[in-house]
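Next come the chains, spelled out residue by residue.
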Amino acid sequence: MLSSISGGAAISRPYEDPVGDDCRVYVFTLGGTIDKDYPKLTSGYAFEFGDESAAQRILETHPNLGISYKIKSICKKDSLEIAPNDRDNLCLEIENMIEMRRYHLESLLRIVVTHGTDTMIETAMYIKNKIKAKNWGLTPHFVIAFTGATKPERFVDSDASFNVGCAVAATSCPCEPWSVVICMNGNVIPVEQCVRDEASGLFMKVVVKK
Ligand SMILES: NC(=O)C[C@H](N)C(=O)O
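These remarks concern the structure in this document. Small disclaimer: the values here were computed from a predicted structure and weren't measured.

Describing the site of the ligand
Move 1: For the ligand, the full set of nearby residues is Gly32, Thr33, Asp78, Ser79, Gly116, Thr117, Asp118, Ala149 and Thr150.
Move 2: For the ligand, an oxygen atom lies 2.5 Å from a polar atom in the side chain of Ser79.
Move 3: If the ligand stood free it would expose 270 Å²; the protein chains cover 89% of that surface.
Move 4: By residue class, the composition of the shell around the ligand is one nonpolar, six polar and two charged.

Remarks on the pattern of salt bridges
Move 1: Under the counting rule described, the total for this entry stands at twelve salt bridges.
Move 2: Across the pair Arg102 and Glu99 runs a salt bridge whose closest N-O atoms are separated by 3.2 Å.
Move 3: Here Lys128 makes a salt bridge to Glu192, at a shortest N to O gap of 3.2 Å. Here the residue Lys128 occupies a position in helix 3 (residues 120–133), and Glu192 occupies one in the loop between strand 9 (187–190) and strand 10 (194–196), the gap between them amounting to 64 residues.
Move 4: You can call Glu192 partly exposed: its relative accessible area is 43%.
Move 5: Because the salt bridges share partners, they merge into one network encompassing Glu52, Arg57 and Glu153.

Definitions and cut-offs
- Residues numbered from 1 in each chain as written.
- Predicted model: local features only at pLDDT ≥ 70, side-chain atom pairs only at ≥ 80, totals over all residues.
- Heavy atoms only, no water.
- Near = heavy atom within 4 Å.
- Polar contact = N/O pair within 3.5 Å; in protein donor to acceptor, adjacent residues only side chain to side chain.
- Areas by Shrake-Rupley, 256 points an atom, 1.4 Å probe, with all protein chains shown as cover.
- Nonpolar A, V, L, I, M, F, W, Y, C, P; charged D, E, K, R; others polar.
- Salt bridge = Lys/Arg side-chain N within 4 Å of Asp/Glu carboxyl O.
- Helix = DSSP H or I, 4+ residues; strand = E, 2+ residues; numbered from the N terminus.
- Buried < 20%, exposed > 50% of the residue type's maximum accessible area, 1.4 Å probe, protein only.

See below:
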């Protein structure tokens, strides 16, 4: 069984890690529309965040997953309400993961972050800059993939499971020693090249004109 990410309750796949370090994925959840659920109370009318995350339901119900995973909730908020301390808490978890793997340079560190779409680029950029600013020395290769959804995972026509699947897969393909990428709309985009098209809501890669 996998060890705990770094304190706190974490959810892990309920059987033995099948395939070793490179197929182990750590998922951090911060809320966003992907995690919004129908109201539980009879008088409720607005969406609320439930106990389970979308990532948990998606990964748990996938029939033949070739990875093991651990999920930890950082916060449950619409991303317009995410505060600096939520970003710092996420950063701390990620830095702890990198630190824990310092002596396992041969293995790949795979991290998925589920997040609301409205400020996903800001959080991903914040994490990238914080990691870059640290003098790490040698680290294992790692990929941090951010994803979310435009409709709650509870909706039948949600993009949640497609996006989570893309993000999980993206973490298996490092193209740099380390990278922070946005996985939305079927694309994997390095965060520093990612913008959101206001009219369509699509996440797009900045085209650099030569
Ligand atoms: N689709 C979304 O996730 C939008 C939502 N307002 C958020 O950023 O949390």
